[in-house]
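Observations on the model geometry
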Amino acid sequence: MDIVFDLLEKYIMGPMTKLSQFRMIRAITFAGMTSISFTIVGSMFLILNVLPQAFPFLAGIWSVSFDKITNIYMLANSATIGCIAVYFLIATAFEYARILSEEDEIDIKPINAVLMAVMALFICIPQIGIVDGVISLLNDPEAGLFNGWTMGSGPARFGATGIFCAFIIAWFSVRIYALCVQKNIVIKLPDVVPDGVARSFTALIPGFLVAIVCMLIQAVFMAFGTDFYSFIAIPFGFVVNIVDTLPGILVIYFLIHALWLVGIHGATIVTSPLTAIALSNLVVNAEGGTAIWAGEFNNAFVTVGGSGATLGLTILMLTLAKSEQLKAIGKAEIVPALFNINEPLIFGLPIVYNPALAIPFMLAPMASAAIAYLAISMRIIPSVIVQMPWPTPVGLGAFISCGGSFTAALVAIVCALVATLIYFPFFKKYDKQLCEEEAAKLAAEAE
């Protein structure tokens, strides 16, 4: 196991840690964390729409009540999940500008960076083409395309499928702004001018350059018969397809828990860049899709009790442990574990750098992921369509995520039971080892 830990540190921890320290990755991680609350808000209103599907006896009640005001309360859904790319753009541009300002001491203002990024988004997203020899905003009423904007419940490209575009736009707009400030390509006003006015003039030339760059981007892609959004969708779709396979899911959980074993928060490093895909698939599933990696698939089915799917291990320690150490940790961890929090277990048991529990810590979540994957892909349970709060307890989280499916709740419980069975023999062996160590320590103290 020492050799295994050395390999994990060299080939996984090192590269993944370096990746997580990239400034843009940190900004994207920040955007994912700050945007989750809005997706939860939007998902809660979506539940009202899908409850009659889960409970058919409600259909009559809904037809004379909620169905009549659907277009009002679903505005909360279209304004959050339906425009999630805008939230990601704002948060990413703000955080990236803040990082550059503080760490490189570049005198840029995050609010200016955000406004430039929003302007860039509005320039890069519309569809343009040549019509009768003139560059025009495209129209196709049958496809919902009006003056360059594809419309659904709102601008379609503002939804989750536009998140990757938002990342790229935030990156280059902030970089242009920072470069202008570094090279002193700005308009500076005398010190007597109020700060607010001075800031607006400082952003004037960078704003022009951002606009020009975005226009050139549109022109270049138009020359090749496509547009920026459609081009970015190609690699985005490729990554989505990989994540939606069983091998892809298993690799995700292998990396998460391999990092945890050497003391790195694997869940943050690995899943943060995949948040965009989870949110995009959430929208796809709400429209009848069958994507696996969506919403809180992770906490609803896989990491029940926290990373490593340790709820069962905690219960084992609480009920069957003979060593005083495991009993004490089990008592302290049981309540947090019910809400998918297990840092006390990971660092207090410990699991980090612990050969006795390394194997089940990796196998249990991979087994749970495989069960949930097969249950969704075989249509035993519905796909995840609701973004639930990640600390939601086992069963209830899956029930909410899948739009009120009792079968999904049952599958989540099965996942937790299988994880517990995987932990059991390793727990027994580790408990025996600790009992022997405690007995030896008592004997030594007695002597």
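Residues numbered from 1 in each chain as written. Predicted model: local features only at pLDDT ≥ 70, side-chain atom pairs only at ≥ 80, totals over all residues. Heavy atoms only, no water.

Time to look at the packing of helix α16 (residues 311-319) against helix α17 (residues 324-338). When two helices pack together, their arrangement is given by the angle between the helix axes and by the axis-to-axis distance. With their axes 8 Å apart at the nearest point, α16 and α17 run at an angle of 140° to one another. Compared by their axis directions, α16 and α17 come out oblique. Between α16 and α17 the crossing geometry is left-handed. Of the residues in α17, those in contact with L311, T314, I315, M317 and L318 of α16 are L326, K327, I329, G330, K331, E333, I334, A337 and L338. (Axes fitted to C-alpha atoms, helices over the stretch in contact; angles between N-to-C directions. Helix = DSSP H or I, 4+ residues; strand = E, 2+ residues; numbered from the N terminus. Parallel < 35°, antiparallel > 145°, perpendicular 65-115°, else oblique. Left-handed = near helix turned anticlockwise from the far one by under 90°. Contact = heavy atoms within 4.5 Å.)

Turning next to the pattern of salt bridges. Applying the stated rule across the entire model yields eight salt bridges. Measuring nitrogen to oxygen at the nearest pair gives 2.3 Å for the salt bridge that ties R26 to E103. Remark: E103 occurs in helix α6 (residues 84-103) and R26 occurs in helix α2 (residues 23-54); sequence separation between them is 77 residues. Via salt bridges that share partners, R23, R26, E103 and D104 belong to a single interconnected network. (Salt bridge = Lys/Arg side-chain N within 4 Å of Asp/Glu carboxyl O.)

Domains assigned within the chain are domain 1 (83-232) and domain 2 (235-446). For domain 1 versus domain 2, the distance between C-alpha centres works out to 39 Å. Between domain 1 and domain 2, the residue contacts involve nine residues of the former and seven residues of the latter. Surface buried jointly by domain 1 and domain 2 totals about 670 Å² across both partners, of which 81% is contributed by carbon and sulfur atoms. When residues of domain 1 are sorted by the area they lose upon contact with domain 2, A160, F164 and I232 head the list and together hold 59% of the total. If you look at where domain 1 meets domain 2, you find zero residue pairs in polar contact (both at pLDDT 80 or more). Secondary structure elements with two or more residues in the side of domain 1 that touches domain 2: α6, α8 (163-182) and α11 (228-243). The element that contributes the greatest number of residues to the side of domain 1 that touches domain 2 is α8, accounting for three residues. Split into classes, the residues belonging to the side of domain 1 that touches domain 2 amount to eight nonpolar, one polar and no charged. (Domains from an automatic or database assignment. Buried area = accessible area lost by both parts, 1.4 Å probe. Polar contact = N/O pair within 3.5 Å; in protein donor to acceptor, adjacent residues only side chain to side chain. Nonpolar A, V, L, I, M, F, W, Y, C, P; charged D, E, K, R; others polar.)

For the rest of this paragraph, the subject is the nonpolar core. Of all hydrophobic cores here, the largest spans 65 residues; its most connected members are Y253, W293, F297, F301 and L349. The dominant element in this core, judged by the number of residues it contributes, is helix α19 (residues 355-377), at eleven residues. The next biggest cluster of nonpolar side chains, apart from the first, holds 51 residues, and it includes F88, A170, Y177 and L279. (Core = buried A, V, L, I, M, F, W, Y, C linked by side-chain atoms within 4.5 Å. Buried < 20%, exposed > 50% of the residue type's maximum accessible area, 1.4 Å probe, protein only.)

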